[in-house]
Amino acid sequence: MDIQEIRELGSELLGKIDSKNEKIMTWKQWLSKYRFQPEYQDDPYAWLTDVLALKSVDSGNYGVGSILINAEGKVIVMGHNLVYSPYFRSDLHGEMVVVNRFEKEHPEITTLEGYTLYTSLESCPMCLIRLISSGINRILYAAADSIAGMANSIDLLPPLWKDLSGRQVFSRARCTEELSNAATEIMLINAEELLEILRKRAELGS
């Protein structure tokens, strides 16, 4: 997949965003105008995850977007967080949505060697275990998550998961700081509001 195709995918998604939220529309404009930097090889893919993250916020969900690409660089699956809307599903983080769709649509594929999952934000513990189980070769994130991210703490996992992750790469994508900052800022648009929902659910369950 060439850069123009990625641009078209993202532009189509951005064209569907029409929000009264000023922050969402400001980031829509910024992403629409952003130009890929050729010295950063992951720029187009990181940009697309940011676009999906913004779409996620616009749909009432946490701002994380993810994509899966094959060895030829073709985008196979796109997705974003679906925990809060259209109804509450605690497992549907962005990475989960993408892996769920891929595994459902391609049961004949038994190895994900050569595949790469890009995500706008560093994976949480739940998603990290799922990604290790999936066998996806490389997991690259646009922005680190100092609050909930786990990809930088694989050494803290139980021995089984550390061993299984040995053939995988978990790393920050080679994208511009601008795209990395965008991923964080888009996530923060509604993060506190949604986290409050989780806190209230936890209180009701205790």
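Above this text you will find the structure in question.
Bear in mind the structure is a predicted one, so any value in this text is a computation, not a measurement.

Trainee: Just give me the short version of the nonpolar core, but keep the residues and values in it.
Mentor: For soluble globular proteins, nonpolar side chains are generally found buried alongside one another. Counting 40 residues, the largest nonpolar core has Trp 47, Leu 48, Leu 54, Tyr 62 and Ile 67 as the members making the most contacts within it. Here this core takes nine residues from helix 3 (residues 43-58), the largest share from any one element. When neighbours within four sequence positions are excluded, Leu 54 is seen to be in contact with Leu 14, Ile 17, Ile 24, Trp 27, Lys 28, Leu 31, Ile 186 and Ile 189. Counting 19 residues, the second-largest nonpolar core is a separate cluster that includes Val 77, Leu 131, Ile 154 and Phe 170.

Trainee: Give a detailed account of the sheet that holds strand 2 (residues 75-80), specifying residues and quantitative values.
Mentor: Pairing within the open sheet is mixed, and its five strands lie in the order 2-1-3-4-5. The two strands at the open ends of the sheet, each matched to only one other strand, are strand 2 and strand 5 (169-172). Pairs of neighbouring strands in the sheet enclose a mean axial angle of 15 degrees, with direction left out of account. Sheet analysis places strand 3 (residues 116-121) next to strand 4 (residues 138-143), joined by five bridges and oriented parallel. Opposite Thr 116, over in strand 4, you have Arg 138 as the bridge partner. The strands touched by helix 3 are strand 1 (65-69), strand 2, strand 3 and strand 4; relative to strand 1, the strand with the most contacts, the crossing angle is about 140 degrees.

Trainee: Before we move on, can you summarise the pairing of strand 1 with the specific residues and values?
Mentor: A regular strand places its side chains so that they alternate between the two faces of the sheet. Counting buried residues in strand 1 gives five out of five residues, a clear majority hidden from the surface. Side chains Gly 65, Ile 67 and Ile 69 project from strand 1 onto one buried face, and the interleaved Ser 66 and Leu 68 project onto a second face that is buried too. Bridging between strand 1 and strand 2 involves five bridges; their strand directions are antiparallel. By the bridge assignment, Leu 68 is partnered in strand 2 with Val 77. Counting the residues in the hairpin turn of strand 1 and strand 2 gives five residues, including Gly 73, whose phi is positive at 85 degrees. One ladder, built from four bridges, connects strand 1 with strand 3; its direction is antiparallel.

About the cut-offs
Residues numbered from 1 in each chain as written. Predicted model: local features only at pLDDT ≥ 70, side-chain atom pairs only at ≥ 80, totals over all residues. Heavy atoms only, no water. Core = buried A, V, L, I, M, F, W, Y, C linked by side-chain atoms within 4.5 Å. Buried < 20%, exposed > 50% of the residue type's maximum accessible area, 1.4 Å probe, protein only. Helix = DSSP H or I, 4+ residues; strand = E, 2+ residues; numbered from the N terminus. Contact = heavy atoms within 4.5 Å. Pairing = 2+ DSSP bridges. Axes fitted to C-alpha atoms, helices over the stretch in contact; angles between N-to-C directions.

These results come straight from atomic positions and should not be treated as a statement about function.
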